[in-house]
Amino acid sequence: MYVPGDRPEVMAKALAARADVVVVDLEDAVAPDRKEYARAATADLLSEPPPVPVHVRVNALDSPESTADLHILAALPALAGLRLPKVSSPAQVRRTAESAPHLPLYALLESALAVEHAYAIATAHPALLGIALGEADLRADLGVRDDAGLDWPRSRVVLAARAAGLAPPPQSVHPDVRDLAGLAASCAHGRALGFFGRAAIHPRQLPVIEAAYLPTPEEIETAESVIEAAAAHSGAQALPDGRFIDTAVVAGAHRTLALARRG
């Protein structure tokens, strides 16, 4: 869940929510005259280990603000990762890894050029553990008005992440915190495209995202039946109901059950 870096009271509430990771935003959510205060507030937040992992989204790479961010953040042992905005080249990832050598990095691809370089960025450095789209900036860059216009970039980023051996990327934020039905529909579409999980900007979005990405009872039942059948008969086979299972299907069933146990 994203929270503004200059709002300590909001950061504290976010740590108490059910987010897997809290992302303190020093970039878009913070006005230029509040950047220094936001850095200080973030350092104070991370002066001791937080109850959930905390990442920080720094300012635009190669900018003076980003340099100041990294100078402070690199010395915080409680920080779990850096979110890098507007990455468009592998060189930016490598330079950041040199500036913060002990921190996991996550690149946000927010332009047409970034999407074109998705695989190169995803394989730029061992410290890079994930990539994701920043859809608001990408939408503006492409001039896209209909949401379907982003499906190709979405699939491109999913493929690049998996080809690079990274975890499936999370979806970008759903900006209307009141539109929970729209959020649920969007999550279902994202799951179908291969995304896993989603960034949020309000606690009320978290249960909707979790429900969309955790397996349904029907999916759990199907996975259990596949694993039971595979244990009884080795090799590929057709089940009485017509379903064909092989090694890949069994592996998918194990992933489903593992995810269900996480919930």
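Residues numbered from 1 in each chain as written. Predicted model: local features only at pLDDT ≥ 70, side-chain atom pairs only at ≥ 80, totals over all residues. Heavy atoms only, no water.

Engineer: In this structure, what is going on with the overall build of the protein chain? I would like to understand it.
Structural biologist: Within the protein chain, the regular secondary structure consists of twelve helices and eight strands. Computed over the C-alpha atoms, the radius of gyration of the protein chain is 20 Å, within 12% of the 18 Å expected from 2.2 N^0.38 for a compact globule of 263 residues. The principal-axis extent of the C-alpha atoms belonging to the protein chain is close to 65 × 40 × 35 Å. In the protein chain, the proportion of contacts linking residues at least 24 apart, taken out of those at least 6 apart, comes to 62%. If you sum the accessible surface of the protein chain, you get close to 13100 Å²; carbon and sulfur atoms cover 58% of it. Each charge sign in the protein chain was given a centre, from 24 positive and 32 negative side chains, and these centres are 0 Å apart. (Helix = DSSP H or I, 4+ residues; strand = E, 2+ residues; numbered from the N terminus. Rg over C-alpha atoms; globule rule 2.2 N^0.38 Å. Contact = heavy atoms within 4.5 Å. Areas by Shrake-Rupley, 256 points an atom, 1.4 Å probe, with all protein chains shown as cover. Lys, Arg positive; Asp, Glu negative; His and termini not counted. Charge placed at Lys NZ, Arg CZ, Asp CG, Glu CD.)

Engineer: What is the right way to read the side chain of Thr 42 from this model?
Structural biologist: The topology assignment puts Thr 42 in helix H2 (residues 35-45). If near-sequence neighbours (up to four positions away) are discounted, Thr 42 is found in contact with Gly 5, Val 24, Leu 26, Val 56 and Leu 73.

Engineer: Please clarify how the nonpolar core should be interpreted in this entry.
Structural biologist: Across soluble globular proteins, nonpolar side chains have a tendency to be buried as a group. Val 56, Leu 82, Leu 109 and Ile 131 are the most contacted members of the largest nonpolar core, which has 62 residues in total. Per-element tally for this core: the top contributor is helix H10 (residues 206-213), with five residues. Excluding residues that lie within four positions of it along the chain, Ile 131 makes contacts with Ala 107, Leu 109, Ala 118, Ile 121, Ala 122, Val 157, Ala 160, Ala 161, Leu 166, Pro 169 and Pro 170. If you look at the next biggest cluster of nonpolar residues, it comprises nine residues, including Ala 223, Ile 227, Ile 245 and Val 250. (Core = buried A, V, L, I, M, F, W, Y, C linked by side-chain atoms within 4.5 Å. Buried < 20%, exposed > 50% of the residue type's maximum accessible area, 1.4 Å probe, protein only.)

Engineer: I keep staring at the environment of Ser 186 and nothing clicks. Help me out?
Structural biologist: Note on placement: Ser 186 falls in helix H9 (residues 180-193). Note: C-alpha distance between Ser 186 and Gln 171 (15 residues apart in sequence) is 9.3 Å. Within the structure, Ser 186 has its side chain in polar contact with the side chain of Arg 198 (distance 2.9 Å). (Polar contact = N/O pair within 3.5 Å; in protein donor to acceptor, adjacent residues only side chain to side chain.)

Engineer: Help me understand the packing of aromatic side chains in this model?
Structural biologist: Two numbers describe a pair of aromatic rings. These are the distance of the centres and the angle of the planes. Evaluated as defined, the whole model comprises one aromatic pair. Judged by centre distance (6.2 Å) and plane angle (80°), the ring pair of Phe 196 and Tyr 213 falls under edge-to-face. With Phe 196 in the loop between H9 and H10 and Tyr 213 in helix H10, the pair connects residues that are 17 residues apart, well separated along the chain. For Phe 196, a relative accessible area of 42% translates into the label partly exposed. Tyr 213 sits in the buried class, given a relative accessible area of 5%. Sitting over the face of the ring of Tyr 106, Arg 83 holds its NZ or CZ atom 5.0 Å from the ring centroid. (Phe/Tyr/Trp six-rings, centres within 6.5 Å; stacked < 30°, edge-to-face > 60°. Lys NZ or Arg CZ within 6 Å of the ring centre and 35° of its normal.)

Engineer: Could you clarify how one ought to interpret the environment of His 254 in this entry?
Structural biologist: Relative to the elements of secondary structure, His 254 occurs in helix H12 (residues 247-262). We classify His 254 as partly exposed; its relative accessible area is 43%. For the pair His 254 and Gly 190, spaced 64 residues apart in sequence, the C-alpha separation works out to 21 Å.

Engineer: Would you mind showing me how to read the pairing of strand E4 (residues 81-84) here?
Structural biologist: Two faces make up the sheet, and in a regular strand the side chains alternate between them. Alternating positions in E4 separate into two faces, Gly 81 and Arg 83 on one and Leu 82 and Leu 84 on the other, with burial throughout. By the bridge criterion, three bridges tie strand E3 (residues 54-57) to E4 in an arrangement that is parallel. Residue pairing for E4: Arg 57 is matched across the bridge by Arg 83. With helix H3 (residues 64-73) bridging E3 and the parallel E4, this β-α-β connection has right-handed handedness. On the question of chirality, the crossover connecting E4 to the parallel strand E5 (residues 105-109) by way of helix H4 (residues 90-99) is right-handed. (Pairing = 2+ DSSP bridges. Right-handed = clockwise from strand over helix to strand, strands pointing away.)

Engineer: What is the right way to read helix H1 (residues 8-16) from this model?
Structural biologist: Each α-helix winds once per 3.6 residues, and so residues spaced three or four apart point in a common direction. Among all positions in H1, only Met 11, Ala 14 and Leu 15 are buried. Burial along H1 is one-sided: seen end-on, the buried residues are contained in an arc of 100°. Opposite the buried face of H1, by more than 90 degrees, sit the exposed residues Lys 13 and Ala 16. On its buried side, H1 packs onto strand E1 (2-4), strand E2 (22-25), H2 and E3. (Arc of directions from axis to C-beta.)

All we've got here are geometric facts, nothing functional implied.
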